[in-house]
Amino acid sequence: MSDADLMVVALAIEQHPTLLTDDNGVRMLAMAHSVPVIESIGILIRARLDGVIAALQPWLDQLIAAGFHLDPQGQVYREALQRVDED
């Protein structure tokens, strides 16, 4: 974890925002200090549930095509689609 990551979490502890991160170490540290965390896929799920995007799966597939570490056969992918009734 970098000094910048530590500074972001320290600021989040002081300011109490929801922290957006896909870094597992940063997420664990933030959660240990009761800082709410959302990841990229969580933002997309919220966008789908709020009607901002019509479908989640094309967005997940675009992330994968761009090199995002997400297994289309994996649990995270499947659960994301289930949460928005696209399974």
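Residues numbered from 1 in each chain as written. Predicted model: local features only at pLDDT ≥ 70, side-chain atom pairs only at ≥ 80, totals over all residues. Heavy atoms only, no water.

K.L.:
Explain the packing of helix α3 (residues 40-49) against helix α5 (residues 75-83) here, please?
P.N.:
Helix packing for two helices is described by the angle between their axes and how far apart those axes are. Two elements in contact, α3 and α5, have axes whose closest approach is 10 Å; the angle formed by their N-to-C orientations is 20°. It follows that α3 is roughly parallel to α5 by the angle criterion. In the crossing of α3 with α5, the sense of the turn from one axis to the other is right-handed. Between α3, through I41, I45 and L49, and α5, the contact on the second element is made entirely by V76, A80 and R83. Looking at the contact of α3 with α5 residue by residue, the class counts come to five nonpolar, no polar and one charged. (Axes fitted to C-alpha atoms, helices over the stretch in contact; angles between N-to-C directions. Helix = DSSP H or I, 4+ residues; strand = E, 2+ residues; numbered from the N terminus. Parallel < 35°, antiparallel > 145°, perpendicular 65-115°, else oblique. Left-handed = near helix turned anticlockwise from the far one by under 90°. Contact = heavy atoms within 4.5 Å. Nonpolar A, V, L, I, M, F, W, Y, C, P; charged D, E, K, R; others polar.)

K.L.:
So what exactly am I meant to see when it comes to the side chain of E86 here?
P.N.:
In this structure, E86 sits in the segment after α5. Looking at E86, its side chain comes within polar contact range of the side chain of R48, at 2.8 Å. Non-local contacts of E86, meaning those with residues more than four positions away in its chain, are made with R48, A55, L56, Q57 and L81. (Polar contact = N/O pair within 3.5 Å; in protein donor to acceptor, adjacent residues only side chain to side chain.)

K.L.:
So what exactly am I meant to see when it comes to the environment of V37 here?
P.N.:
You can see V37 is positioned in strand β2 (residues 37-38). On the basis of relative accessible area, V37 is assigned to the partly exposed category, the value being 25%. Distance from V37 to A12, taken between C-alpha atoms, is 10.0 Å for residues 25 residues apart in sequence. Among all residues touching V37, those that are not within four sequence positions of it are T18, L19, T21, R27, A30 and M31. (Buried < 20%, exposed > 50% of the residue type's maximum accessible area, 1.4 Å probe, protein only.)

K.L.:
Explanation requested: unusual backbone geometry in the structure shown.
P.N.:
Glycine aside, the phi torsion of most residues is negative, and most peptide linkages are trans. Of note in this structure, S34 is not a glycine but carries a positive phi near 60°. Looking at where S34 falls in the secondary structure, it is placed in the loop between α2 (24-32) and β2. Here S34 falls in the exposed class, since its relative accessible area comes to 67%. Positive phi is not limited to glycine here, since D85 has a value of about 60°. Within the fold, D85 resides in the segment after α5.

K.L.:
I tried to follow the environment of D87 on my own but got confused; where do I start?
P.N.:
In this structure, D87 sits in the segment after α5. Judged by relative accessible area, which is 69%, D87 ranks as exposed. Residues D87 and G67 lie 20 residues apart in sequence; the distance between their C-alpha atoms is 23 Å. Setting aside residues up to four positions removed in sequence, D87 forms contacts with L81 and Q82.

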